[in-house]
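Structural overview
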Amino acid sequence: MALYDIAGLKVNMPNISGRTLAQARAYLSKDQTQNADFTVDVSRERIINAVKEHPELDENDWEYMLTGNDFYRKLIAFDGIVLHSSCISVDEKAFAFSAGSGVGKTTHTKMWLENLKDRAHIINDDKPAIRIIDGKAYACGTPWSGQADCSTAEIVPLEAICFLERSNENYIKTADTQKAIFGIFSQTVKKLDEENMDMLFDIIERIFRSVRLYELGCDDSENAFITSYNELMK
């Protein structure tokens, strides 16, 4: 058994190696005697079969992706989801900037880090967990943090989620509910059975009741940071 503290849970990952092990080291539990909340254990057979189907990725990459997928699915039973986003902590409050790949999430959060210095840091730059704990939403670091491996093993109250889109004009506005549902659903795990899908929608509904939701149109200029900062930090 190898216990890791991820999103406030004890996760047993006994056989990880390579990239997965390297990115999980910061989450290794100091107390290895406790019971696990759940186990993530991807067999070598699954990894080999995945490589056969998609040889453009090697075994190291597939172990990383498959362990992440198993974690995401099991997290749902603990009132949590993983949201594809770049998530930062500012003054001990978390802000998640979510969008598809290539839209500019990391570019935008880098401007926050550059301007706010010691006030801000990354929680997870690719796949933070969001959990409802005692009725409140929290952003949590996870080892599945992209190629740059930028994450922090912490849990921070989640203040807002911003759904990004590229725009020649910088703006931020309260998100339309239907658009926000699509935004969060498109950036989290979706291939679930009926029971887990029901739990997923329940978690999303509770997240929506707990945090502010925004649509953020932005370019790569300093004004994009100013626009989002002035609204989010009200």
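Above this note sits the structure.
All values derive from a computational prediction rather than experimental measurement.

**Things to note about the sheet that holds strand 3 (residues 38–39)**
Picture the strands of a sheet paired through backbone hydrogen bonds; they go either parallel or antiparallel. Reading across the sheet, the three strands line up as 1-2-3 and stay open at both edges, with mixed pairing between neighbours. Single-partner strands in this sheet number two, and they are strand 1 (3–6) and strand 3. Two elements, strand 2 (residues 9–12) and strand 3, share two bridges in a ladder whose sense is parallel. Considered in strand 3, the bridge of Val-11 is made with Phe-38.

**Examining helix 7 (residues 222–232)**
Along helix 7, the residues that are buried comprise Ala-224, Phe-225, Thr-227, Ser-228 and Leu-232. Down the axis of helix 7, the buried side of the element spans an arc of 165 degrees, and every buried residue falls inside it. Close packing links the buried residues of helix 7 with strand 6 (93–98), helix 4 (105–116), strand 10 (155–166), strand 11 (171–174) and strand 12 (212–218).

**Topic: the packing of aromatic side chains**
What the rule picks out here adds up to eleven aromatic pairs. For Arg-19, the ring lying beneath its charged end belongs to Tyr-64, and the centroid distance is 3.6 Å.

Rules behind the numbers
Residues numbered from 1 in each chain as written. Predicted model: local features only at pLDDT ≥ 70, side-chain atom pairs only at ≥ 80, totals over all residues. Heavy atoms only, no water. Pairing = 2+ DSSP bridges. Helix = DSSP H or I, 4+ residues; strand = E, 2+ residues; numbered from the N terminus. Buried < 20%, exposed > 50% of the residue type's maximum accessible area, 1.4 Å probe, protein only. Arc of directions from axis to C-beta. Contact = heavy atoms within 4.5 Å. Phe/Tyr/Trp six-rings, centres within 6.5 Å; stacked < 30°, edge-to-face > 60°. Lys NZ or Arg CZ within 6 Å of the ring centre and 35° of its normal.

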